[in-house]
Amino acid sequence: MTAPFALILQALYDKTGYAPRGSATQKSARCPAHDDRHPSLSVGVTPDGVVMLTCHGGARCSVQDVMAALDLPMTALWPADERKTRCRLKPTADRWMPCGHDRVADYRYTDEHGHLLYGVSRCNRKGNGCQGFRQWRPDSSARSGRRWSLHGPDGSLAVRLVPYRLPEVITAVREQRVIMIPEGEKDVETLRARPGITATCNAMGAGKWRPDFARYFHGADVSIIADRNQAGRRHAEAVVANLLPVARSIYVLQARHGVDAHDHLTSGGTTGDFLPVWAPKPFPREEIRR
């Protein structure tokens, strides 16, 4: 039986007439799902033989779109042994992700009224060439009910981006409760598991905080939890710059244990003993005491 990587590469050549180029485990090819004049499709293979497809062109085609254009089933992305395992799963166990791994978490982003806008899924095998996260938007025309891209056919955003757990953020601002802003959804959920804590973040990790998010934080008291690395520091600085004109108070903290909020809390830390790093906008009563 032909290995999935070789099968997909041959199918791409047969469909587009362009031989994929690159290394033994990572190739660039023309995407068969849109008019691709420049190779925009990334074709990789994980150490366990799962093929990963990512369209970087303006259309941002989903994996389903690419496989449909190749006239191949989604199972062609997986080695035979993994294919057998997946075929034994019940249809209701909808755990598939475009990286070929099983989904272990869904983080849903909603508007002010709780209506679903888009989501972020996390797989069980982050590393070894897999980023571990993928964004999706609701799509009733897709068999799974979701389209694994936040972009439409023309390459523009097809969804409105908002802070994670937006209704809770709005309530916390109104009730003058502190909002904690770590770097990722897993950190947010770990913080929210502690009584009385409101937390939020942006999708897609460090560097993706959007300027228009400031509209939700007028008068807010904010504690930003920066990851203990360069990207985390730059991300925290960007969030501070965005919220400084609108927030009532801003503090920047770091984990006392590990790299991020999740590490800190699962290593015995509490929400009250993060390390203080910077107070760009102290709470007004503190300024009076000084």
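Just so it is clear, the structure is predicted and the values come from calculations on it, not from any experiment.

Observations concerning the sheet that holds strand β2 (residues 26-29)
Inference 1: Spatially, the four strands line up as an open sheet ordered β1-β2-β3-β4, and their pairing is antiparallel. For this open sheet the edge positions go to β1 (21-22) and β4 (51-55), each flanked by a neighbour on one side alone.
Inference 2: Taken together, the five bridges between strand β3 (residues 41-45) and β4 define a ladder with antiparallel strand orientation. The residue of β4 that forms the bridge with glycine 44 is methionine 52.

Here we look at the packing of aromatic side chains
Inference 1: Enumeration over the complete set of coordinates arrives at five aromatic pairs.
Inference 2: With centroids separated by 4.9 Å and ring planes inclined at 40°, the aromatic side chains of tyrosine 109 and tyrosine 164 adopt a geometry described as tilted. Residue tyrosine 109 is located in strand β5 (residues 103-110), and its partner tyrosine 164 is located in the loop between β8 (146-147) and α4 (166-174); the two are separated by 55 residues in the primary sequence.
Inference 3: With relative accessibility at 0%, the residue tyrosine 109 sits in the buried group.
Inference 4: Residue classification places tyrosine 164 among the buried residues on the basis of a relative accessible area of 1%.
Inference 5: With a centroid separation of 5.1 Å and an interplanar angle of 85°, the aromatic rings of tryptophan 209 and phenylalanine 213 are classed as edge-to-face.
Inference 6: Aromatic rings pair up to connect Tyr107, Tyr109, Tyr118 and Tyr164 into one cluster.
Inference 7: Sitting over the ring of tryptophan 136, arginine 146 keeps its end group 3.9 Å from the ring centre.

Some words on the nonpolar core
General note: in soluble globular proteins, nonpolar side chains tend to be found buried as a group.
Inference 1: Core analysis: the largest hydrophobic core is formed by 45 residues, its most contacted members being Tyr118, Ile181, Phe217, Ile224 and Leu243.
Inference 2: Ile8, Ala29, Ala76 and Met97 belong to the second largest nonpolar core, which has 29 residues in total.

Digging into the state of the cysteines
What makes a disulfide is a covalent bond joining the sulfur atoms belonging to two cysteines.
Inference 1: Throughout the structure, instances matching the rule amount to zero disulfides.
Inference 2: Distance from the sulfur of cysteine 61, which forms no disulfide, to the nearest cysteine sulfur (cysteine 31) is 3.8 Å.
Inference 3: Among the residues examined, cysteine 61 registers a relative accessible area of 8% and is labelled buried.

Side note on the pairing of strand β12 (residues 249-254)
Inference 1: For β12, a buried count of six out of six residues is recorded, marking the element as mostly surrounded by other parts of the structure.
Inference 2: Of the strand pairs in this sheet, strand β11 (residues 221-226) and β12 are connected by six bridges, and their pairing is parallel. When the sheet's bridge partners are listed, isoleucine 224 is paired in β12 with valine 252.
Inference 3: A crossover connection joins β11 to the parallel β12 through helix α6 (residues 230-243); in handedness this β-α-β unit is right-handed.
Inference 4: Sheet analysis places β12 next to strand β13 (residues 275-281), joined by four bridges and oriented antiparallel. The partner of leucine 253 across the bridge, within β13, is proline 276.

Structural notes on the pairing of β3
Inference 1: Taken across its five residues, β3 has four buried, putting it largely inside the fold.
Inference 2: The hairpin turn running from β3 into β4, its antiparallel successor, is five residues long, and glycine 49 in that turn takes a positive phi close to 90°.

Thresholds applied
Residues numbered from 1 in each chain as written. Predicted model: local features only at pLDDT ≥ 70, side-chain atom pairs only at ≥ 80, totals over all residues. Heavy atoms only, no water. Pairing = 2+ DSSP bridges. Helix = DSSP H or I, 4+ residues; strand = E, 2+ residues; numbered from the N terminus. Phe/Tyr/Trp six-rings, centres within 6.5 Å; stacked < 30°, edge-to-face > 60°. Buried < 20%, exposed > 50% of the residue type's maximum accessible area, 1.4 Å probe, protein only. Lys NZ or Arg CZ within 6 Å of the ring centre and 35° of its normal. Core = buried A, V, L, I, M, F, W, Y, C linked by side-chain atoms within 4.5 Å. Disulfide = S-S within 2.5 Å. Right-handed = clockwise from strand over helix to strand, strands pointing away.

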